[in-house]
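One-letter residues, chain by chain:
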Amino acid sequence: MYVAVKGGEAAIDNAHRLLAHERRGDPSVPELSVTQVSEQLGLLVDRVMTEGSLYDRALAALALKQARGDLIEAVFLVRAFRTTLPRFGYSQPVDTARMEIRRRISATYKDLPGGQVLGPTFDYTHRLLDFMLEANGEPPQPPAEADAGAAEGDMPRVTDLLDAEGLIEPSSASDCDTVGDLTREPLTFPADRDLRLQALARGDEGFILALGYSTQRGYGRTHPFVSEVRVGEVAVELVPEEIGFAVPLGRLTVTECQMVNQFKGSAATPPQFTRGYGLVFGQSERKAMAMSLVDRSLRARELGEDAVAPAQDEEFVLSHADNLQATGFVEHLKLPHYVDFQAELDLVRRMRAEHEANHPYPLSEAAE
Amino acid sequence: MTAQSATHTAPETGYNFAYLDEQTKRMIRRAILKAIAVPGYQVPFASREMPMPYGWGTGGVQVTASILGPDDVLKVIDQGSDDTTNAVSIRKFFKRTAGVRTTTRTGEATVIQTRHRIPEQPLGEGQVIVYQVPIPEPLRFLEPRETETRKLHALAEYGLMHVKLYEDIARHGHIATTYAYPVEVAGRYIMDPSPTPKFDNPKMHMMAGLQLFGAGREKRIYAIPPYTQVRSLDFEDHPFRIQTFSHPCALCAAEGVYLDEVVMDDRGGRMFVCSDTDSCEERREQGHRGAMLADTPAALKGESSHV
């Protein structure tokens, strides 16, 4: 019995002991190390970092191990830890134009300065189960020399090339003057783009993916082109007040997607492409692309479009994108509700009694 | 609520007293003060991510953590009981992070965190009851948009709610809301009392204690100061009525209290016992005996050790 009785504390403790036992699995199988998780399940670690809003591979890997691989539970552990961390400052905006590129592709140009860099990708793999992996086969061949290091030379962002021609709306620096933080201030509507992007970056990948997909199927179509997806390392810099110049804090691996969407002019402005933006920790092109689709859709108000589809409705999207909020509230239904249920029982019984008093014969007989 | 020093160290090392850092507590206390100043108004606050799930009392926990001092005595109930799993878990959390004294006795507590019930014993001055709130917006299921509902509150435009209650009467002959029954606070804001049964609504009216409501996921805090008018919405020809039970409590023979129905077997056997387990135990200690006290399993009687 899980409620109402004395001794709930012992029951909870025992349940948690059992959980720890189940987490370990068969003790004759070697235990998974946190390093193994971060090295060999790297994309999962990336996702926990992104949705957990905390860039720390080791912590994310530990969370995954502790959560038995339950992704949202791991995000939960990371977020609950993150909330206790002091804020000692805000970094300078990272400059993705100076990214050390591992992968960079554009769907809008066949070739462009810096070239197309495939890098590590599942794209064009044939999804055939590799039974050699199961048999712990030989280590894979070392990567080809030319691909091993970061791509050489200048790698301007494709949107900057369009911008130089005035073909795309400018992305003004004033956008990042004061950046909001929805983990420190309550989100209010209408929300500005900085907060929307933060919510989307932290949002559940599945939810954002489905919403982005819905825009492609006509629910708020935006005619998107992937101007560029790039994955690589960027430097994070901080300006400590007492020093007065930027000092490097470290490096992050990020995935950035710049979506270029159909233009619309007005009497005052000539037609221009518009932007959708996605940025996530680690390598997750799916999330970055879906995010940029939804970002663009959520700009409906700003661009004077009719908001008719779910992906254009910021209250709907932002209120439901967070998987911790969603899972908490869905799963809270497991908590006892018998006080309210009692109230409903009482009402249903009373209404049934009234119904019987008013209809002494069953309806089927009355109809005959 | 007692004053506390920021330097107090928590029993759980590595965390501040009562888990939250002092800056966060200050932010929450400001929201609480505003909420007390505008009774029934939902104050947005920067709800933190807590080490328990959203929807499991994070709002109540943040409010409690912000008002708790080292000399406070904490009681936590869920469904009226001190021993439901989530109440146990939250009590344990504060034992661990704040090291405060806990109790199951309503009279002894200075802070009572609750989900879904108000204790049967009236609260006195100096006591604070903290409600866990899942959906703070009473108009939410009539209007899903926050931008709209905030406007409706600002204009005191509550026609929607009255129409909803009227439609209940037209369809069922009476108002079919049995819990989270909307109230009007201090003649101004319509407020969701959290999913307490409407049986508890009259206790909110002119309560001597301070009532605080915390909704973590929805990031709202609201309050009813002591001795405030709280009116359950109704119509002249359909006055508000609370639930009544045809039996007294099977364990302590209490009448006029909220009862839980316990299914005894699969042949229709039922017993009705106090939802407020502390009140029930106190009555039994005073010698009140219900009809089924003798043949009740020990577990249900609550006779094993106190937690």
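Residues numbered from 1 in each chain as written. Chains lettered and ligands numbered in written order. Predicted model: local features only at pLDDT ≥ 70, side-chain atom pairs only at ≥ 80, totals over all residues. Heavy atoms only, no water.

> How would you sum up the interface of chain B and chain A? Please name residues and give values.
Chain B puts 62 residues into the contact, and the matching count from chain A is 51 residues. On the chain B side of the contact with chain A, Glu49(B), Trp56(B) and Thr85(B) bury the most area, a combined 13% of that side's loss. The tally of links between chain B and chain A comes to 5 salt bridges. Where Lys92(B) meets Asp13(A), a salt bridge forms, and the shortest distance between an N and an O atom there is 2.5 Å. Inspection of the region where chain B meets chain A yields 23 residue pairs in polar contact (both at pLDDT 80 or more). (Contact = heavy atoms within 4.5 Å. Buried area = accessible area lost by both parts, 1.4 Å probe. Salt bridge = Lys/Arg side-chain N within 4 Å of Asp/Glu carboxyl O. Polar contact = N/O pair within 3.5 Å; in protein donor to acceptor, adjacent residues only side chain to side chain.)

> Summarise the packing of helix 3 (residues 42–52) of chain A against helix 4 (residues 57–66) of chain A; cite the residues concerned and give the values.
Residues and elements named next belong to chain A. Orientation of helix 3 relative to helix 4, taken along the N-to-C sense of each, is 100°, at an axis distance of 9 Å. When the axis of helix 3 is compared with that of helix 4, the two are roughly perpendicular. For the pair helix 3 and helix 4, contact is made by Gly42, Leu44, Val45, Asp46, Val48 and Met49 and by Arg57, Ala60, Ala61 and Leu64, respectively. Looking at side-chain class alone, the contact of helix 3 with helix 4 contains 7 nonpolar, 1 polar and 2 charged residues. (Axes fitted to C-alpha atoms, helices over the stretch in contact; angles between N-to-C directions. Helix = DSSP H or I, 4+ residues; strand = E, 2+ residues; numbered from the N terminus. Parallel < 35°, antiparallel > 145°, perpendicular 65-115°, else oblique. Nonpolar A, V, L, I, M, F, W, Y, C, P; charged D, E, K, R; others polar.)

> Let's hear about the packing of aromatic side chains: which residues, and what values?
In total, this model carries 10 aromatic pairs over all chains according to the counting rule given. With a centroid separation of 5.5 Å and 50° between ring planes, the pair formed by Tyr41(B) and Tyr189(B) is classed as tilted. Linking Tyr41(B) in the loop between helix 1 (22–37) and strand 1 (43–44) with Tyr189(B) in strand 7 (residues 189–191), this pair joins segments that are 148 residues apart in sequence. Across this residue pair, the class does not change: Tyr41(B) and Tyr189(B) are buried. Cation over ring: Arg188(B) sits above Tyr189(B), and NZ or CZ is 4.1 Å from the ring centre. If you follow Arg217(B) out to its NZ or CZ, it ends over the ring of Phe329(A), 3.6 Å from the centre. (Phe/Tyr/Trp six-rings, centres within 6.5 Å; stacked < 30°, edge-to-face > 60°. Buried < 20%, exposed > 50% of the residue type's maximum accessible area, 1.4 Å probe, protein only. Lys NZ or Arg CZ within 6 Å of the ring centre and 35° of its normal.)

> Can you lay out the packing of helix 5 (residues 71–82) of chain A against helix 13 (residues 323–331) of chain A for me, pointing to particular residues and giving the numbers?
Residues and elements named next belong to chain A. It is the contact of helix 5 with helix 13, at a shortest axis distance of 10 Å, that shows an interaxial angle of 110°. Taken together, the axis directions place helix 5 and helix 13 in an arrangement best described as roughly perpendicular. Helix-helix and strand crossings are classified by hand; for helix 5 and helix 13 the assignment is left-handed. Counted together, Ile72, Val75, Phe76 and Arg79 of helix 5 and Asn323, Leu324 and Thr327 of helix 13 form the full contact between these two elements. Of the residues assigned to the contact of helix 5 with helix 13, the class counts are 4 nonpolar, 2 polar and 1 charged. (Left-handed = near helix turned anticlockwise from the far one by under 90°.)

> Can you tell me about the sheet that holds strand 4 (residues 274–281) of chain A, naming the residues and giving the values?
All names here are of chain A. Strand order in this open sheet of 4 strands is 1-2-3-4, and the pairing throughout is antiparallel. This sheet does not close on itself; its edge strands, each paired only once, are strand 1 (100–105) and strand 4. In this sheet, adjacent strand axes meet at a mean angle of 20° when their direction is disregarded. Bridge count for strand 2 (residues 225–238) against strand 3 (residues 247–261) is 13 bridges, and the pairing is antiparallel. Its bridge partner lying in strand 3, Glu228 is registered against Gln258. (Pairing = 2+ DSSP bridges.)

> Please set out the nonpolar core residue by residue, giving values where relevant.
Membership of the largest hydrophobic core comes to 45 residues, with the highest contact counts inside it found for Phe94(B), Leu212(B) and Ile221(B). Not counting chain neighbours up to four residues away, the residues in contact with Leu212(B) comprise Ile32(B), Ile36(B), Val63(B), Ile67(B), Val128(B), Ile129(B), Val130(B), Tyr131(B), Tyr222(B) and Ala223(B). Counting 26 residues, the second-largest nonpolar core is a separate cluster that includes Leu195(A), Leu197(A), Cys257(A) and Val317(A). (Core = buried A, V, L, I, M, F, W, Y, C linked by side-chain atoms within 4.5 Å.)

> Describe the domain arrangement of chain B, and please don't skip the residues or the numbers.
Residues and elements named next belong to chain B. According to the domain assignment, chain B contains domain 1 (22–140 + 174–232) and domain 2 (244–293). Relative placement of domain 1 and domain 2: their C-alpha centres are 26 Å apart. Listed as interface residues are 14 residues of domain 1 and, on the opposing side, 12 residues of domain 2. Buried surface at the junction of domain 1 and domain 2, summed over both partners, amounts to about 1,000 Å²; 41% is from carbon and sulfur atoms. The largest per-residue losses of area from domain 1 upon contact with domain 2 belong to Arg105, Glu120 and Phe199, which jointly make up 49% of the total buried on that side. Arg105 is paired through a salt bridge with Glu285; the nearest N and O atoms lie 2.8 Å apart. (Domains from an automatic or database assignment.)

> Describe the domain arrangement of chain A, listing the residues and the values that go with them.
Residue and element names in this part refer to chain A. Looking at the assigned domains, one finds that chain A contains domain 1 (9–82) and domain 2 (96–120 + 154–170 + 181–321). Domain 1 and domain 2 are separated by 30 Å when their C-alpha centres are compared. Listed as interface residues are 12 residues of domain 1 and, on the opposing side, 15 residues of domain 2. Between domain 1 and domain 2 the total buried area reaches about 1,100 Å² when both faces are included, carbon and sulfur atoms providing 47% of it. Linking domain 1 with domain 2 are 2 salt bridges. Our enumeration of links across domain 1 and domain 2 arrives at 7 residue pairs in polar contact (both at pLDDT 80 or more). Here the side of domain 1 that touches domain 2 takes 6 residues from helix 3, the largest share from any one element. Tallied by class, the residues present in the side of domain 1 that touches domain 2 amount to 5 nonpolar, 2 polar and 5 charged.

> Go over the side chain of Gln79(B), please, and point to the residues and values.
You can see Gln79(B) is positioned in the loop between strand 2 (73–78) and helix 3 (85–97). For Gln79(B), a relative accessible area of 0% corresponds to the buried category. With residues up to four places along the chain from it excluded, the contact list for Gln79(B) reads Pro336(A), His337(A), Tyr338(A), Val339(A), Arg115(B), His116(B), Arg117(B), Asp260(B) and Ser275(B).

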